[in-house]
Amino acid sequence: MSYYCIVNLPGAPVREIAALGAADDEAAHAELARLAELWPAFETIALYDGERAVSVLANPAFGFYSEPLELRTLAA
């Protein structure tokens, strides 16, 4: 698998791109939570599996909703 995260800071989009050692979406979400602890001032952290967007975590300290945002493909 090719999971990675893009860490965005206020005023510094794409501050970090971090590869994750995860075998599936569940393990990748756990790694996302660990990464968020390493970047306490993050604005958002986007999780991808290759080109597939998996989820986005937004920092509640900036007034964002505290649960991860799930990105799903919905039929029109």
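Model, not experiment: these values are computed from the prediction.

## Thoughts on the overall build of the chain
And then number 1: For the chain, the count of helices and strands is one helix and five strands.
And then number 2: When its helices and strands are written in sequence order, the chain yields β-β-α-β-β-β.
And then number 3: Burial analysis of the chain (76 residues in total) assigns 33% to the buried set.
And then number 4: Considering only contacts within the chain whose residues lie at least 6 apart along the sequence, 37% involve residues at least 24 apart.
And then number 5: Per element, the accessible surface of the chain, about 4,900 Å² overall, is 57% carbon and sulfur.

## A look at the pattern of salt bridges
And then number 1: Following the criterion strictly, the structure yields three salt bridges and no others.
And then number 2: Put simply, Arg52 and Asp25 hold a salt bridge, and the shortest N to O gap is 2.7 Å. With Arg52 in strand E4 (residues 52–58) and Asp25 in helix H1 (residues 25–38), this residue pair connects regions lying 27 residues apart in the sequence.
And then number 3: Among the residues examined, Arg52 registers a relative accessible area of 39% and is labelled partly exposed.
And then number 4: Taking the shortest distance from any N to any O, the salt bridge between Asp49 and Arg52 comes out at 3.2 Å.
And then number 5: It is possible to trace a salt-bridge network through shared partners that takes in Asp25, Asp49 and Arg52.

## Focus: the pairing of E4
Successive side chains on a regular strand alternate, one facing one side of the sheet and the next facing the other.
And then number 1: Counting buried positions over the seven residues of E4 gives five, a clear majority of the element.
And then number 2: Of the pairings in the sheet, the one linking strand E3 (residues 44–49) to E4 comprises six bridges and is antiparallel in character. Following the sheet pairing, Asp49 is matched in E4 by Arg52.
And then number 3: Turn length for the E3-E4 hairpin, with the two strands adjacent in sequence and antiparallel, is two residues, and the turn residue Gly50 shows positive phi of about 65°.

Scoring rules and cut-offs
- Residues numbered from 1 in each chain as written.
- Predicted model: local features only at pLDDT ≥ 70, side-chain atom pairs only at ≥ 80, totals over all residues.
- Heavy atoms only, no water.
- Helix = DSSP H or I, 4+ residues; strand = E, 2+ residues; numbered from the N terminus.
- Buried < 20%, exposed > 50% of the residue type's maximum accessible area, 1.4 Å probe, protein only.
- Contact = heavy atoms within 4.5 Å.
- Areas by Shrake-Rupley, 256 points an atom, 1.4 Å probe, with all protein chains shown as cover.
- Salt bridge = Lys/Arg side-chain N within 4 Å of Asp/Glu carboxyl O.
- Pairing = 2+ DSSP bridges.

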